[in-house]
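Examination of the molecular architecture
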Amino acid sequence: RALPAMSVNSSCQPLVELRQVNVSFDQKQILKAIDLHIYPQEILTLVGPNGAGKSTLIKILLGILKPTSGEILTSPGLRLAYVPQRFHPSASLPLRVKDLLDLEPCPKQHKEDIIQDTGIAKLQNHDVHSLSGGERQRVLLARALLRRPQLLVLDEPMQGLDIQSEEELYAYVRTLPSRFGCAILIVSHDLQWVMQGTQRVVCLNHHICCTGTPQNIQQHPA
């Protein structure tokens, strides 16, 4: 269901709102009574143990799964983009970086701007399989940004990266809301990111245990 259209002065209206969302599989409850809102241009981090339902929650937000019950409201025409935790196309598939980017149609100038901005100009003729972890994540991020997303979902984007690549990617991601006008939902186990690079944290373990600023979450009993 769509949220009412945003007026110029209603900047605090969420892009997405989940109301009492429940998800069950084979009579096992994965998500329970989830109330969540994501606002324009904020950086929100989702944390929780393995098996807490983080991936399920992302699939709900992306529209891949439907909740068992509850309500999902989105702003009209909401544009989403997703950077997966893992991307391993078949080694038998000849796929250059430029081929991967061409799968996302967009104006030529916008594509050129994103390629330059993400620093992947020299990688365009490289085979995707030959990229390092940091290069691959930048390429996937560039492809996501081609969609001009209002909400960008990043699933453990730093996993498997070396320290330098992590630092560079963290620094770049932090600039995206102000430069491209998108909100970011990032799934992370990295406490450095949670404490320094995000505005709000949601702790999930099938239900939302607590939510708030990193400083408040750090002191929370949950």
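Refer to the structure presented above.
First things first, this report covers the structure right here in the doc.

About the criteria used
Every residue gets a number counted from 1 within its own chain, in the order that chain's sequence is written. pLDDT decides what is reported in this predicted model: residues at 70 or higher carry local features, side-chain atom pairs at 80 or more are listed and counted, and totals for whole chains, interfaces and linings draw on all residues regardless. No hydrogens and no water enter the side-chain calculation; it runs on all heavy atoms of the structure. A 1.4 Å probe that fits but cannot get out identifies a cavity on a 1 Å grid over protein atoms alone, an open set with protein on both sides within 12 Å along at least five of seven lines counts as a pocket, and a residue lines either if it has an atom within 4 Å of a point. Grid points are joined across faces, edges and corners, and a volume is the space filled by probe spheres set on the points. Strands here mean DSSP runs of E at least two residues long; helices mean DSSP runs of H or I at least four residues long; both are numbered from the N terminus. In this classification, Asp, Glu, Lys and Arg are treated as charged, Ala, Val, Leu, Ile, Met, Phe, Trp, Tyr, Cys and Pro as nonpolar, and every other residue, Gly included, as polar. Any two strands between which DSSP finds at least two bridges are classified as paired. Lines fitted to the C-alpha atoms define the axes, with helices restricted to the stretch that makes contact. Angles between their N-to-C directions range from 0 to 180 degrees. Buried means the residue's accessible area, taken with a 1.4 Å probe over protein chains only, is under 20% of the maximum for its type, while exposed means over 50%, and partly exposed covers the values in between. Whether a crossover is right-handed comes down to one check: with the strands pointing away from the viewer, does the path from the first strand over the helix to the second run clockwise; if it does, it is right-handed.

This paragraph deals with the layout of surface pockets. Here the largest pocket defines a volume of roughly 270 Å³. Along its surface, the largest pocket is lined by 16 residues, and Val47, Leu191, Val201, Cys203 and Ile217 are the ones closest to its centre. Those elements giving two or more residues to the lining of the largest pocket turn out to be helix H6 (191-196), strand E8 (200-204) and helix H7 (214-219). By residue class, the composition of the lining of the largest pocket is 11 nonpolar, five polar and no charged.

This part covers the sheet that holds strand E3 (residues 43-47). The mixed open sheet is built from six strands, whose spatial order is E5-E6-E7-E3-E8-E9. Where the open sheet ends on each side, the last strands, each with one partner, are strand E5 (80-83) and strand E9 (208-212). On average, each strand axis in the sheet is tilted by 15° relative to the strand beside it, whichever way the strands run. In terms of strand pairing, E3 meets E8 through four bridges, oriented parallel.

The next thing to look at is the pairing of strand E7 (residues 183-187). Most of E7 sits inside the fold, with five of its five residues counted as buried. Judged by which residues are buried, E7 turns out to be covered on both faces: Ala183, Leu185 and Val187 on one side and Ile184 and Ile186 on the other are all buried. Summarising the sheet, strand E6 (residues 151-155) and E7 pair through five bridges and their orientation is parallel. From the neighbouring strand, Leu154 faces E7, where its bridge partner is Ile186. Once the chain exits E6 it traverses helix H5 (residues 163-180) before rejoining the sheet at E7, and the crossover so formed is right-handed.

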